[in-house]
Amino acid sequence: MTIEERDVAPRGADALAQRFPRPKPLIGTIHVEPMPGAPSYDGRPVEEVIARAVTDARAYVAGGIDGLIVENEGDIPFRKPERVGADTVSGLTAVGYAVHAAVSVPVGVNCLANAVEQGLAIAAATGGSFVRSNQWANAYVANEGFVEGAAAEALRYRSALRADHVAVFADVHVKHGSHAIVADRSLEEMTWDAEFFRADVLIATGTRTGHGADPEEVTRIKRAASRPVLVGSGLTVDNTEEILSIADGAIVGSAMKEDGLWWNPVDTERVRQIVAVAEGFR
């Protein structure tokens, strides 16, 4: 089926190219430490959480990263979207504002789990360029329970915020969950669904944080898509060449941290090594 034969909204401008002047951008993930309200929050001053995020941001940029995404990974276990409240939003807003002020690269927001409306509010308040939605269309069974697509309400909320400049980067076949309830639909159809619901950029991921995306799955999404496709997990110095030969860029976290562990500080040398491989595709 060709793009013209599909019932998909006109593509418009390339949201990835609009935000990242260099092709095949690499976006570093800032895994924010536990904040007030999270089970693992130990009562430390929030200034320390913010300082760690800013340090990671500067380390990424020193290594040549093209952009950043701020994510409340330390809030494990995550609430379902409708239960993500003021504690998470206020904490992530404080972190996002400080990161945006500290660096000159585009900064996005991923408010977990799939709290896209909250993420849009944070991005609008902090100068964010994009949000990530882990489930944009359809539904799946996640660690948090049954999670439905966010698109219908999120797009209306974005309009209410006058935040159309904040792009939506949406996962196809999101990690950390089961897709049995849509197993009768092909990966290509789910790619078209995300586009039909006006996602600006699509994301292919592995099964868990840090796990590599299947190159065959990335290829299928890329072939079916009319929007840019990023790989959202599992990029390493060893597979960067293979992944970037298919995808339009990547969101990276674990591989750029000390010892390759997502909860550790960013290792600038690890960032430089992956960026150096990516330069061959620019």
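Below: a short report on this structure. (Residues numbered from 1 in each chain as written. Predicted model: local features only at pLDDT ≥ 70, side-chain atom pairs only at ≥ 80, totals over all residues. Heavy atoms only, no water.)

Regarding the packing of helix 4 (residues 116-126) against helix 5 (residues 151-160)
Which entries qualify depends on this criterion: Angles here are taken between N-to-C directions and fall from 0 to 180 degrees, while the axes themselves are lines fitted to C-alpha atoms, restricted in helices to the stretch in contact. The secondary structure listing takes helices from DSSP runs of H or I that are at least 4 residues long and strands from runs of E that are at least 2 residues long, numbered from the N terminus. Angular relationships are summarised with four words: roughly parallel below 35 degrees, roughly antiparallel beyond 145, roughly perpendicular across 65 to 115, and oblique for the angles in between. With the far helix as reference, a near helix turned anticlockwise by less than a right angle produces a left-handed crossing, and one turned clockwise produces a right-handed crossing. Any pair of residues with heavy atoms lying within 4.5 Å of one another is described as a contacting pair. When residue character is reported, Ala, Val, Leu, Ile, Met, Phe, Trp, Tyr, Cys and Pro are called nonpolar, Asp, Glu, Lys and Arg charged, and the others, Gly included, polar.
Viewed as axis vectors pointing N to C, helix 4 and helix 5 meet at an angle of 20 degrees, and their least axial separation amounts to 9 Å. If you check the angle between helix 4 and helix 5, you find them roughly parallel. Here helix 4 and helix 5 pass one another in a crossing that is right-handed. Contact with helix 4, carried on its side by Val 116, Glu 117, Leu 120 and Ala 121, involves Glu 153, Ala 154, Tyr 157 and Arg 158 of helix 5 and no other residues of that element. Partitioned by chemical class, the residues of the contact of helix 4 with helix 5 number five nonpolar, no polar and three charged.

Considering the nonpolar core
Spelled out, the test is: Only buried Ala, Val, Leu, Ile, Met, Phe, Trp, Tyr and Cys residues count toward a nonpolar core, and they belong to the same one when joined by side-chain atoms within 4.5 Å. Per-residue accessibility, obtained with a 1.4 Å probe over protein chains only, is compared with the maximum for each type, and a residue is labelled buried under 20%, exposed over 50%, and partly exposed between these values.
Of all hydrophobic cores here, the largest spans 65 residues; its most connected members are Leu 26, Ile 30, Leu 68, Val 95, Val 99 and Trp 136. Residues in contact with Val 95, not counting those within four places in the same chain, are Val 32, Met 35, Val 49, Ile 50, Ala 53 and Val 70. One finds Phe 20, Phe 130, Val 201 and Ile 251 within the second-largest nonpolar core, a separate group that totals 12 residues.

Structural notes on the pairing of strand 3 (residues 107-110)
Let me state the cut-off plainly: If you view a crossover with the strands going away from you and the path from the first strand over the helix to the second runs clockwise, you call it right-handed. Each pair of strands is called paired provided DSSP finds at least two bridges between the two strands.
Residues Val 107 and Val 109 of strand 3 are buried on one face, and the alternating residues Gly 108 and Asn 110, pointing to the opposite face, are buried as well. Running through helix 3 (residues 86-102), the crossover from strand 2 (residues 67-71) to the neighbouring parallel element strand 3 is right-handed. Strand direction decides the pairing type here: strand 3 and strand 4 (residues 130-133), joined by two bridges, are parallel. Each residue of the ladder has a partner; that of Val 109, found in strand 4, is Val 131.

What to know about the packing of aromatic side chains
Stated formally: Any two of the Phe, Tyr and Trp rings considered here, Trp counted by its six-membered ring, make a pair once their centres fall within 6.5 Å; the pair's planes then place it as stacked at under 30 degrees, edge-to-face at over 60, or tilted in between.
Taken as a whole, this structure holds four aromatic pairs when the rule is applied. Centre to centre, the rings of Phe 130 and Phe 169 are 4.3 Å apart; their planes meet at 10 degrees, and the pair counts as stacked. Of this pair, Phe 130 sits in strand 4 while Phe 169 sits in strand 7 (residues 167-172), and the two are 39 residues apart along the sequence. Here the two residues Phe 130 and Phe 169 agree in accessibility, since each one is buried. Following the ring pairs from residue to residue traces out a cluster consisting of Phe 20, Phe 130 and Phe 169.

Some remarks on unusual backbone geometry
At the junction of Ile 76 and Pro 77, the peptide bond is cis and its omega measures out at -5 degrees in the coordinates. Positive phi outside glycine occurs at Lys 24, with the angle close to 55 degrees. Its place among the elements puts Lys 24 in the loop between helix 1 (15-19) and strand 1 (26-31). We note that Arg 162 has phi near 55 degrees; this positive angle belongs to a residue other than glycine.

Re the environment of Ser 254
Relative to the assigned elements, Ser 254 resides in the loop between strand 11 (250-252) and helix 9 (268-278). Sequence-wise, Ser 254 and Asp 193 are 61 residues apart; in three dimensions their C-alpha atoms are separated by 29 Å.

Some remarks on helix 9
Condition: It is the directions from the helix axis to the C-beta atoms that the arc portrays. What qualifies as a polar contact is a pair of N or O atoms within 3.5 Å, subject to a donor-acceptor requirement within protein and to the restriction that residues adjacent in sequence count only when both atoms come from side chains.
Taken residue by residue, helix 9 has Thr 268, Val 271, Ile 274, Val 275 and Ala 278 as its buried positions. All buried residues of helix 9 fall inside an arc of 130 degrees around its axis, so they share one side. Buried residues along helix 9 sit in contact with strand 1, helix 2 (46-62), helix 8 (240-244) and strand 11. Backbone nitrogen of Glu 269 and a side-chain oxygen of the N-cap are separated by 3.0 Å at the start of helix 9; the cap is Asp 267.

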